[in-house]
Amino acid sequence: MYKNNKLSKAVRLAMTVGALTAAAVPGFVVADVNEQEATTIERIEVTGSRIRRIGEIAPTPVTVITGEGLVDAGVTNVADLLHRMPNTLIGLSPETTNNTIFASGLNNTDLRGLGSNRTLVLVNGRRFISGAPGSSAVDLNNIPTAMIDRIEITTGGSSAVYGSDAVAGVVNIITKTSYDGVTIDISTTQPRQSGGEEEYASLTFGADLGRASFISNLSWARQKQISFMDRDFLREAPIVIRNPNQVSGDPNSPAAVVWGYGQQVLASYTKTGTFSAGGTRYTFSDDGSLRPQQLGEPLPPLTSGRIDYLGGEGYNFAENSFMRTPLDRINFVTNMSYEFNDDHRMQMELNLSKTDAYGESSPAFLNFIAYGDNALLPQAARDLISQQNLGFDPRGAVSMGYLASDFGNRQYSQDRTLARISLGFDGAINDNWMYDFYMTSGHVQADTEWYGEMYEDRFYDAIDAIELNGQVVCRDEIARAQGCLPLNIFGRGLYSDDAYDWVSTDAIRRSSIQQHVVGAAVSGDIMELPAGWLAAAFAVEYRKEKAKTLPDPAMRAGLLFNNQSQPLSGDFDVKEISAEFSIPLIEGMAFVENLTFETAGRAMRYSTSGSDTAWKIGLNWEINDELRVRINRSKSVRAPNIGELFNPPGQTFAGITDLCATSQRDALNPNYRENILNNCAAQGIPANFEPSQEWFGSTRPGFIIGNTDLTNEIAKDITIGFVYNPSFLDDFSLTVDYWKFDMSNMIQSFTANNLVRYCYQSNSIDNVFCPLIERDPNTFEIVNFFQKPINSALSTTAGVDIEANYRFSTDFGDFGVRWIGTYLEERTFNQTGFAEDEVVNTGEQARPRWRNRLITSYNYQDFSAVLTMTHRHSSVLNNEWTPNQNNYNDVPSYITWDLTSRYNVNDNLQVRAGILNMFDRTPPRLPGMYNNGNYYDMMGQRFTLGVNYTF
């Protein structure tokens, strides 16, 4: 039943359409089998449906990337290719997570740009454990490319079939199930500029032992870091200044302009400390002597109000910035199968992986007050500072900036290990019905360790020293009693190891994720109708997920520089039941060769967000052998994840504008003035209320925290499309699909000032924002706020997908051309649901109108080559832009070309070579673009070389 299946081979052939980088199933799968063969072949399951079908049109659009296509793309990580697909955005990647402390090195995909938590990633049709505690997004680093047979992407809402998180669609990674032999694969990627080198090695082995078979793979991959100093287009950054020629009152005169390109230096921090006195900026030589700071070329005032320099001593932004996170991966996967007989089979999947990544950023940069009697300062500095007075100390004092380079760059390593096992039984109940029972269990341990950290309060105590009884000691008596030793940072290497050890530290946060799933499904034919068999699938599933984090005690206490974190502990379980039907309505009529009604429904009960339902309906209409039409409408849901529900409180601070204060009356938005006054009065706030000067003079404390009252997000989507295979042009197909997603009740977080704004602008105080603000019952001043996620946002995303494929043969080789394009018609987002808060993102840099991928292939005997173009349409940074804001809003179009080739030396040996980004296309040289790894290639031109040997 499972071997040498002619239909499976035909389906595989239709899916792969040759060794293209990305191949799209043209909406249907047809097997050329005769009636005698049809009695022995098996049905297949296409992503987007649990009904096993024979030669059916796919119920939803499906795009396929083959395992061979991954090789031709020159990638060793599946995420690298998914990120280039026109219908996806980057969720997280090594190019975007360097400064994302707990997510460094993660690889998530984001279908339709609706968010990686709204994209469901499956492996062989089953859920895979997430990559980070609190999130539901799968880390694609854990799935080795050598084991991938194909990837099926369906971009319609699929919650009715697969449950929560499938709002934007499903990425179903199908792995290889059998192999007989041993294959070694080794490759390297070398960029033209240093940094970002990649190395890869893979060992695949397996055996077909009659009823038993297995395939295993052990792979290792390393990608090296890229710093801004490694790339000329990052080193020489665009520098933005206030427009010195701005014409007041002219709406077309920009307030900010690009001054030029270079290495921008912030002079207010140096590696030995810096301060200004008497109109001169000073710093310290390595030996601790005072000297004037070497300043570069002064830049005009920046938009931030600072005056920075081009070159010179200070905080060099390029020197202290990093683009790509280094990542090491080791993966071991084995798939085993045992056939009890022709009708029943057991399968087991085992995934073990270890990934190591680290983020890196500048050394800690600190500001502190240095007094004129500080015993660590050289006498010249003490004399100079004694003459300065900040207005509060007769000893003399200056504000000093220090870049703690002696402590090293702040690095945070990510050590993630994954173990997952899946056990399944499937087979035939009878001639018409199939069953599938499975259990999966996964565990991820994700530990983060910080290096180059310091106890911030200890640092301030250790650098402030006095002379006492002829000894230099820390000024603070309590600190001395706790072991404080003077730390002379006013030079390089001037302090003792003991003093350094008292201030410096490493820290660690341990975290874990657990996932357990049990499910069962049956599918088959219920009854024969005039137009064919009514097919159905029924499924039940139970899933439990848990996440925990335990930060270092110093982190929990907020003692470290810029790293406060509290423990997380949360879990949920969900029970689900679903049914799916395929009902043939008409067959064999004029203009209706076949018409089938598709429907599915799912009921789910979450322990956290309660009960909900998802559904879909659709029509598949085969007009004739050349033209097929499909229409789908569905409702999908996304349950809040553990992080959104249970994130522990983390303190934050904000300056707040209180709309209830009398001093704000003249500045109130006239459209909301009445609502604001009524809501303030409804809370008992006096009409003449005014906060104290002490309240105005400081920031207010608040908390970033999860929200256990969150409910499910809702999405309604529609897909209308056709598939055209003209009889007059062999091996050509065209697929066009219009799609639209309307989302409501989306989970969104707000700043402190927006909480105040939306609380009082609402029609009453009975809204989701007011409970997140706390006032003193006596003074009525705002004393606390909670930045909780709430269900408030709306979005609409719509567009058209177009896929065209053509293959033809000549006497001098076979050629293939495939175009995959996405046109974005609409993208609006509204974080509150109030009409005036709607923003249009269509055509902005993150969501250009057009994204395209063109793949051309050539095969001749033992040689093959693939030329690929990836294109982003011109766009803008911000649709709300006005000419008087700046002169760099326009984003040009962006195209890269990749050329890869393969040659089979003999039946066992294959060699590969390629040039990626062959014309060395760099990002646009403008702010907000030049260093944006979400949308542009940060590697530059690079060369790939690989060898594959099969025993």
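Just so you know, these numbers come straight off a predicted model, no measurement behind them.

Criteria and cut-off values
- Residues numbered from 1 in each chain as written.
- Predicted model: local features only at pLDDT ≥ 70, side-chain atom pairs only at ≥ 80, totals over all residues.
- Heavy atoms only, no water.
- Buried < 20%, exposed > 50% of the residue type's maximum accessible area, 1.4 Å probe, protein only.
- Helix = DSSP H or I, 4+ residues; strand = E, 2+ residues; numbered from the N terminus.
- Arc of directions from axis to C-beta.
- Contact = heavy atoms within 4.5 Å.
- Salt bridge = Lys/Arg side-chain N within 4 Å of Asp/Glu carboxyl O.
- Core = buried A, V, L, I, M, F, W, Y, C linked by side-chain atoms within 4.5 Å.
- Patch = residues over 30% accessible without salt bridge, like charges linked within 9 Å, V, L, I, M, F, W, Y side chains within 5 Å.
- Areas by Shrake-Rupley, 256 points an atom, 1.4 Å probe, with all protein chains shown as cover.
- Disulfide = S-S within 2.5 Å.
- Pairing = 2+ DSSP bridges.
- 1 Å grid on protein atoms, 1.4 Å probe; cavity = no way out; pocket = protein on both sides within 12 Å on 5 of 7 lines; lining within 4 Å.
- Points joined across faces, edges and corners; volume = space filled by probe spheres on them.
- Nonpolar A, V, L, I, M, F, W, Y, C, P; charged D, E, K, R; others polar.
- Axes fitted to C-alpha atoms, helices over the stretch in contact; angles between N-to-C directions.

## Quick look at helix α7 (residues 379-386)
Alright, step 1. Those residues of α7 not exposed but buried are Ala-381, Arg-382, Leu-384 and Ile-385. One side of α7 carries all its buried residues, which in axial view fall inside an arc of 165°.
Alright, step 2. At its buried positions, α7 is contacted by β18 (274-277), β19 (280-284), β20 (290-292), β27 (365-371), β28 (397-403) and β31 (465-468).

## Details of the pattern of salt bridges
Alright, step 1. Counted under the stated rule, the structure contains 40 salt bridges.
Alright, step 2. The residue Arg-150 makes a salt bridge to Asp-149 at a minimum N-O spacing of 3.0 Å. Here the two residues Arg-150 and Asp-149 agree in accessibility, since each one is buried.
Alright, step 3. If you follow the salt bridges from partner to partner, you end up with Arg-118, Arg-638, Glu-644 and Glu-713 in one network.

## Remarks on unusual backbone geometry
Most peptide bonds take the trans form, and the phi angle of most residues other than glycine is negative.
Alright, step 1. Here the phi dihedral of Asp-731 falls at roughly 60°; this positive angle occurs in a residue that is not glycine.
Alright, step 2. Considering the arrangement of structural elements, one finds Asp-731 in the loop between β41 (713-724) and β42 (732-748).
Alright, step 3. On the basis of relative accessible area, Asp-731 is assigned to the exposed category, the value being 55%.
Alright, step 4. Positive phi outside glycine occurs at Phe-780, with the angle close to 65°.
Alright, step 5. Among the structural elements, Phe-780 can be located in the loop between β43 (773-775) and β44 (782-787).

## Concerning the nonpolar core
Alright, step 1. The biggest cluster of nonpolar side chains holds 40 residues, and the ones touching the most others in it are Ile-65, Leu-140, Ile-151, Val-171 and Ile-173.
Alright, step 2. Counting only elements with at least two residues in this core, the list comes to α4 (78-82), β7 (119-123), β9 (148-154), β10 (169-175), β30 (433-454), β42 and β46 (813-830).
Alright, step 3. If sequence neighbours within four positions are ignored, Ile-151 has contacts with Thr-63, Val-64, Ile-65, Val-78, Val-171, Asn-172 and Ile-173.
Alright, step 4. Formed by 34 residues, the second largest nonpolar core is a distinct cluster that contains Tyr-282, Ile-385, Met-454 and Ala-465.

## Focus on a nonpolar patch on the surface
Alright, step 1. Residues Ile-184, Ile-186, Leu-203, Leu-218, Ile-330, Phe-863, Tyr-903, Val-905, Val-911, Val-947, Tyr-949 and Phe-951 make up a contiguous nonpolar surface patch of roughly 980 Å² in combined accessible area.
Alright, step 2. Where the nonpolar patch is concerned, the elements lending two or more residues are β11 (181-191) and β54 (942-950).
Alright, step 3. In this structure, Leu-218 sits in strand β13 (residues 212-223).

## Some words on the state of the cysteines
Alright, step 1. Under the criterion given, the structure shown has 3 disulfides.
Alright, step 2. Bridging Cys-660 to Cys-680, the disulfide has an S-S length of 1.9 Å. Given an S-S torsion of about -85°, the disulfide between Cys-660 and Cys-680 has left-handed geometry. With Cys-660 in the loop between β39 (650-654) and α13 (673-682) and Cys-680 in helix α13, the pair connects residues that are 20 residues apart, well separated along the chain.
Alright, step 3. Taking the relative accessible area as the measure of exposure, Cys-660 reaches 1% and is therefore buried.

## Observations concerning the sheet that holds strand β23 (residues 315-316)
Alright, step 1. Strand order across the open sheet formed by 4 strands is β21-β22-β17-β23, with antiparallel pairing between neighbours. Taken across any chain shown, the strands that pair with only one partner, and hence form the sheet edges, are β21 (295-298) and β23.

## What about empty space enclosed by the protein?
Alright, step 1. Across all of its chains, the model carries 14 cavities of 30 Å³ or more by this definition.
Alright, step 2. Volume-wise, the largest cavity comes out at about 590 Å³.
Alright, step 3. Around the largest cavity, the lining is made up of 34 residues, and of these Asp-80, Arg-84, Tyr-936, Asp-937 and Arg-942 lie nearest the centre.
Alright, step 4. A breakdown of the residues in the lining of the largest cavity according to their chemical character gives 11 nonpolar, 13 polar and 10 charged.
Alright, step 5. Each pocket or cavity is described by its volume, and for the second largest cavity that value is around 220 Å³.

## Things to note about the sheet that holds β44
Alright, step 1. Sheet architecture is open: 4 strands sit in the order β39-β40-β44-β43, paired in mixed fashion. Edge positions in the sheet fall to β39 and β43, since each of these pairs with one other strand and no more. Averaged over all pairs of adjacent strands, the angle between their axes in this sheet comes to 25°, without regard to strand direction.
Alright, step 2. For β43 and β44, the ladder comprises 3 bridges, and the chain directions are antiparallel. For Arg-775, the partnering residue across the bridge sits in β44 and is Ile-782.

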